[in-house]
Amino acid sequence: MAAGYAELLRTRHAARLLAGTLVGRLPNATAALAVVLFVRAEGGSYALAGALSAVYGVCNAMGQPLLGRAVDLHGQPRVMLPASVLSALGMVLLAAVGLDVLWLAYAAMVIAGFFTPPLEGGLRALWPGVLKRADRVHAAYALDAVAQEVMFAVGPLLVTLCVAAWSEGAALLVINLLGVLGALSVVVSAPSRQWRSGPREAHWLGALRSAGMLVLIGAFLFVGLAMGAIAVAAVAYADEHGGGMVSSALLSALGVGALAGGLVYGAREWPGRPESRLRLLVCLLAVGYVPLVLVPDVVGMTVLTGVAGVFLAPALACAFVVVDRHAPKGTVTEAFSWLVTTFGVGAAVGSAVVGPAVESGGAGAGFAVAGAGGIAAMLVLLSTKRFLGDPVRGTAGTATAENDRNGAAEPGFRAGRQA
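Residues numbered from 1 in each chain as written. Predicted model: local features only at pLDDT ≥ 70, side-chain atom pairs only at ≥ 80, totals over all residues. Heavy atoms only, no water.

(A) Molecular detail of the overall build of the protein chain. Across its full length, the protein chain holds 16 helices and zero strands. For 419 residues, the compact-globule formula gives about 22 Å, and the C-alpha radius of gyration of the protein chain, at 21 Å, lands near that figure. Each principal axis of the C-alpha atoms in the protein chain carries an extent, and together these give about 65 × 45 × 40 Å. A burial count over the protein chain gives 53% of its 419 residues as buried. Restricting the contact set of the protein chain to residue pairs at least 6 apart, pairs at least 24 apart contribute 81%. Looking at the protein chain as shown, the accessible area adds up to about 16400 Å², and 69% of this sits on carbon and sulfur atoms. Side-chain charges of the protein chain comprise 27 positive and 22 negative groups, with the mean position of each set lying 13 Å from the other. (Helix = DSSP H or I, 4+ residues; strand = E, 2+ residues; numbered from the N terminus. Rg over C-alpha atoms; globule rule 2.2 N^0.38 Å. Buried < 20%, exposed > 50% of the residue type's maximum accessible area, 1.4 Å probe, protein only. Contact = heavy atoms within 4.5 Å. Areas by Shrake-Rupley, 256 points an atom, 1.4 Å probe, with all protein chains shown as cover. Lys, Arg positive; Asp, Glu negative; His and termini not counted. Charge placed at Lys NZ, Arg CZ, Asp CG, Glu CD.)

Listed below in C-alpha cells is the structure:
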C-alpha cells in the first residue's frame, strides 16, 4: 500500500501540487477558529464571532463554484492567484481594523470568504494530466481525501501555536501568507500553467445542468450535515462525560478512521461501476453513523466514532471519480467546487440543526441527527439510480454523451482528453 502511494508521489509535479494545494487551503480550513480567537481577543462576544464566521462561510459557499467556473474559462493562474491574494487581504483588513468599525469587519469577511481560491477542485482537474494512468488518479483522489483529514488536524494546531508565539492577529496574517504561498506554488507549476478546460457549451447552469451532478450535490449535502452534527454532538457528549479532552478524542478518532479507510481504499483498484460503488460506500457510511445514538462510555464511544469515520474518505474519493464522469465538458473545476461547497454548506446546516436537538435530548439526540443525515444521503442515492447511471455510449463503445467526458469505464480517464 505504502509503495503505491510512494510511486504516485514520485510522479513529476505530484508531491508539489498536493503539498501546495494543502498549504494554500490552510486559511479556509482554519478560518472559523482563527476568526473566533481574534474576535474574542478584541473583546467581541461569541455571538459576533459566530456572525463573522457565518458571513465568511456563506460567501465562501457562493464564491467557490463561481471561481471554479472562472478557472474553467480562463485557466488556473489568472484566477487562483489573484483570488488568493484578495482573500488574504480580506483577513489583513480584519486584523488591521479589528472590531472598531463593524461594517469593515463584515466587509473583510465577505472579501476573504468569497475570494477563497478553488484549489481543491483545481487539483482534481490536474490529476489526470499529471498522473496519466487511471489507477494512479484513483489513488490520488483517495490520498487527497486522506490529506484533508491531516490538514484539518494540523491547521488548528498551527493557529494555536501562532497565537501562543505572537497574537491572534498575527495568526491571521501568518496563516493567510502561507495560503498565498501555497497557491503560488501551484499556479506557477507547469501542469497548472498548461492546463486548459475542454470546450464547453454556453449555459447559465454550468455543471448543474447534469442530472448526475444534482444527485451528488443532494447526497453530499446530507453527508456534510451529518459531519456538522457530529462535531457539535461530540462537545455535548464531552459535557455529559467529564468534559476535558473527550470531544477532541472523539473527533480525532473520527479523523483516524477516515484516514485509515482512505489509505486502504486508494491502495487498490476496485471492480465495477463507480456509481454503484458510491451507493454502497454511502450506505456503509450511514450504517456507521447510526450506532452513535447508543452513546456508550468514553472508550466505547471512541471506538464507534472511529468506525463511523472509516467510509468517509472512500466515499469522497469515489465521489470525485463520479463527478469527473458526470460533469459536462468544460466544467470540471466548477463541478468539483460545487461538491466541496455543498459539503461545507451541509456541515453548517448540521451544526445549526443539531443545537436544538442537543438542548432537548442531549448528546444522543445530537448523534441521531447525524444518523438521519447519513440515512438521507443513502436514500438520495438509492432513489435516483436512473440519474446516476453509466454515461450513454455508442454501439462501438465510444462515449456519445457529453457527461462522460473521458470515455473510459473506470475511473473515467483517458490520456489526451482530460477535462
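(B) Broad picture of the domain arrangement of the protein chain. Assigned domains of the protein chain: these are domain 1 (12-140 + 163-195) and domain 2 (206-388). Inter-centroid distance (C-alpha atoms) of domain 1 to domain 2 is 23 Å. Taken together, the contacts link 17 residues of domain 1 with 20 residues of domain 2. For the pair domain 1 and domain 2, the two sides together bury roughly 1500 Å², of which 62% comes from carbon and sulfur. (Domains from an automatic or database assignment. Buried area = accessible area lost by both parts, 1.4 Å probe.)

(C) Quick peek at the environment of Arg 16. Among the secondary structure elements, Arg 16 is positioned in helix α2 (residues 14-24). Residue class for Arg 16 comes out partly exposed when judged on its relative accessible area of 36%. In sequence terms Arg 16 and Ser 189 are 173 residues apart; their C-alpha atoms lie 8.5 Å from each other. Leaving out residues up to four positions away in the same chain, Arg 16 has contacts with Ser 185, Val 188 and Ser 189. Among the polar contacts made by the side chain of Arg 16, one reaches the main-chain carbonyl oxygen of Ser 185 at a distance of 3.1 Å. (Polar contact = N/O pair within 3.5 Å; in protein donor to acceptor, adjacent residues only side chain to side chain.)

(D) Spotlight on the environment of Leu 304. Within the secondary structure layout, Leu 304 lies in helix α14 (residues 298-309). Distance in space between the C-alpha atoms of Leu 304 and Gly 346 is 22 Å, their sequence separation being 42 residues. In contact with Leu 304, not counting residues within four places along its chain, are Pro 291, Leu 292 and Pro 296.

(E) Quick look at the packing of helix α13 (residues 274-289) against helix α16 (residues 332-382). Here α13 crosses α16 at 160°, and the two axes come no closer than 8 Å. With respect to their mutual orientation, α13 and α16 come out roughly antiparallel. Note on packing geometry: the crossing formed by α13 with α16 is left-handed. In this structure, α13 uses Leu 278, Arg 279, Val 282, Cys 283, Ala 286 and Tyr 289 to contact α16, whose residues at the interface are Ala 370, Gly 371, Gly 374, Ile 375, Ala 377, Met 378, Leu 381 and Leu 382. Tallied by class, the residues present in the contact of α13 with α16 amount to eleven nonpolar, two polar and one charged. (Axes fitted to C-alpha atoms, helices over the stretch in contact; angles between N-to-C directions. Parallel < 35°, antiparallel > 145°, perpendicular 65-115°, else oblique. Left-handed = near helix turned anticlockwise from the far one by under 90°. Nonpolar A, V, L, I, M, F, W, Y, C, P; charged D, E, K, R; others polar.)

(F) Layout of the nonpolar core. Ranked by internal contacts, the top residues of the largest apolar core, which has 115 residues, are Met 91, Leu 94, Trp 127, Leu 216, Phe 220, Leu 278 and Tyr 289. With 16 residues, the top contributor of residues to this core is helix α11 (residues 211-240). Taken together, domain 1 (12-140 + 163-195) and domain 2 (206-388) each give at least three residues to this core, which thus spans both. Excluding its chain neighbours within four sequence positions, the residues that come into contact with Leu 94 are Val 35, Phe 38, Ala 105, Ala 108, Met 109 and Leu 172. (Core = buried A, V, L, I, M, F, W, Y, C linked by side-chain atoms within 4.5 Å.)

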